[in-house]
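Chain and residue survey
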Amino acid sequence: MAGGKKILIFVLVMILIGLAAGCLFSPVFNIVEVRADNGINVTSGEVLEKANIPIGVNIFRINDRKILSSIESLTYVKSAKIYRAFPDTIILKFEERKPYAIVKYLESYAIVDKYGYILEIKKENTLTTLPIIYGLDTGTFVAGQKLTDTSLTKYENCVYLFETANKINFEYTFNEVNYDDSTNVKLYIAERDMDIVYGSVYLDDIEEKLSHLSSVLKELGDQKGKIDMSNDDYNSKIVFTK
């Protein structure tokens, strides 16, 4: 019985080897099409160019890791996957990084995702619906890399502020943040034409401070001007000037 099992296993292994060899060398599995969809900021052409998969190569013999690494070198691509639609088609899928804010950098504008990854640096700001942050231009900004050091810390504080505002359903959008002075951060709400001297950004009191700011804005009605809530005792010492 033991000898029979060994023979059976040997036969099965040989069959599998034969099938694998057939797949690797059969022209049936030669690639005739490579497909990718357009994204929002990434075109199918860019993805296909980076993938560089030649037509006619066996579908099992392409180097997935190398292809994915090349596609993911596109700054707007967060991750990519390869799908084989047998017998002869490759489908490329990718997840895009989303622009979250604009950071003023020297005479240019860096488009940055939520996690501080620099997607692109432009001479002009064309994404006017995104908040713009000033005062982060320390170090060198490079597309395809994350912000570093103090710039990253300040940026993460801004993201936390924006996300907290969304969480508590803050009525307005912060269009600008000026972080030139970490102890005297300034915000701007275009819809209200309101400058806000926020003061230092402490993560543990952002929610309470924004809730109080929301109440103050409601009390002011349609008035425009400047709110100074930089005092540590901001609950009782807010100054409004027209």
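The text that follows walks through the structure, step by step, so that each part is easy to find.

Reading the values: the criteria
- Residues numbered from 1 in each chain as written.
- Predicted model: local features only at pLDDT ≥ 70, side-chain atom pairs only at ≥ 80, totals over all residues.
- Heavy atoms only, no water.
- Phe/Tyr/Trp six-rings, centres within 6.5 Å; stacked < 30°, edge-to-face > 60°.
- Buried < 20%, exposed > 50% of the residue type's maximum accessible area, 1.4 Å probe, protein only.
- Pairing = 2+ DSSP bridges.
- Helix = DSSP H or I, 4+ residues; strand = E, 2+ residues; numbered from the N terminus.
- Axes fitted to C-alpha atoms, helices over the stretch in contact; angles between N-to-C directions.
- Contact = heavy atoms within 4.5 Å.
- Expected span 1.5 Å × (residues − 1).
- Parallel < 35°, antiparallel > 145°, perpendicular 65-115°, else oblique.
- Left-handed = near helix turned anticlockwise from the far one by under 90°.
- Nonpolar A, V, L, I, M, F, W, Y, C, P; charged D, E, K, R; others polar.

**A word on the packing of aromatic side chains**
Inspection of every chain in the model, using the stated rule, returns seven aromatic pairs. Seen in terms of ring centroids, Phe 170 and Tyr 172 are 6.4 Å apart; in terms of plane orientation they differ by 75°. Their pairing is edge-to-face. Accessibility expressed as a relative area gives 9% for Phe 170, which makes it buried. One aromatic cluster is present, built from ring pairs that chain together Phe 29, Phe 60 and Phe 86.

**With respect to the sheet that holds strand 3 (residues 89-96)**
Pairing in this open sheet of three strands is mixed, and the strands run 1-3-2 from one edge to the other. A strand with exactly one partner marks an edge of an open sheet, and here the two such strands are strand 1 (33-36) and strand 2 (77-85). In this sheet, adjacent strand axes meet at a mean angle of 20° when their direction is disregarded. For strand 2 and strand 3, the ladder comprises eight bridges, and the chain directions are antiparallel. Across the sheet, residue Ala 85 finds its bridge partner in strand 3, namely Thr 89. Against the sheet, helix 2 (residues 44-51) contacts strand 1 and strand 3, and its axis sits at roughly 130° relative to strand 1. Here helix 3 (residues 64-71) sits on the sheet and contacts strand 2 and strand 3; the angle it forms with strand 2, its principal contact strand, is near 140°.

**Some points on helix 4 (residues 149-167)**
Residues spaced three or four apart along an α-helix face the same direction, because each turn holds 3.6 residues. Taking 1.5 Å of rise per residue, 19 residues should cover 27 Å, and helix 4 covers 27 Å from first to last C-alpha, within 8% of that figure. Here helix 4 has its buried residues at Ser 151, Leu 152, Lys 154, Tyr 155, Asn 157, Cys 158, Val 159, Leu 161, Phe 162, Thr 164 and Ala 165. Of the residues one or two after helix 4, Asn 169 is the one with positive phi, at around 60°.

**Let's talk about the packing of helix 4 against helix 5 (residues 206-220)**
Each pair of packed helices gets described by two things: the angle between the helix axes and the distance between those axes. Between helix 4 and helix 5, the shortest axis-to-axis distance is 10 Å and the interhelical angle comes to 60°. Put simply, helix 4 runs oblique to helix 5. As helix 4 packs across helix 5, the resulting crossing turns out to be right-handed. Contact with helix 4, carried on its side by Tyr 160, Leu 161, Thr 164, Ala 165 and Lys 167, involves Ile 206, Glu 207 and Leu 210 of helix 5 and no other residues of that element. Looking at the contact of helix 4 with helix 5 residue by residue, the class counts come to five nonpolar, one polar and two charged.

**Looking at the sheet that holds strand 12 (residues 239-241)**
Judged by pairing direction, the sheet is mixed, and its nine strands sit side by side in the order 6-5-4-7-8-9-10-11-12 without closing on themselves. Because the sheet does not close on itself, it has two edges, and the strands there are strand 6 (118-122) and strand 12. Averaged over all pairs of adjacent strands, the angle between their axes in this sheet comes to 20°, without regard to strand direction. Of the strand pairs in this sheet, strand 4 (residues 99-105) and strand 5 (residues 108-113) are connected by six bridges, and their pairing is antiparallel. From the neighbouring strand, Ile 102 faces strand 5, where its bridge partner is Ile 111. Contacting strand 4, strand 5, strand 7 (132-134), strand 8 (176-178), strand 9 (185-189) and strand 10 (194-199), helix 4 runs over the sheet at an angle of about 140° to strand 4. Relative to strand 10, helix 5 is tilted by about 150°, and along the sheet it contacts strand 9, strand 10, strand 11 (225-228) and strand 12.

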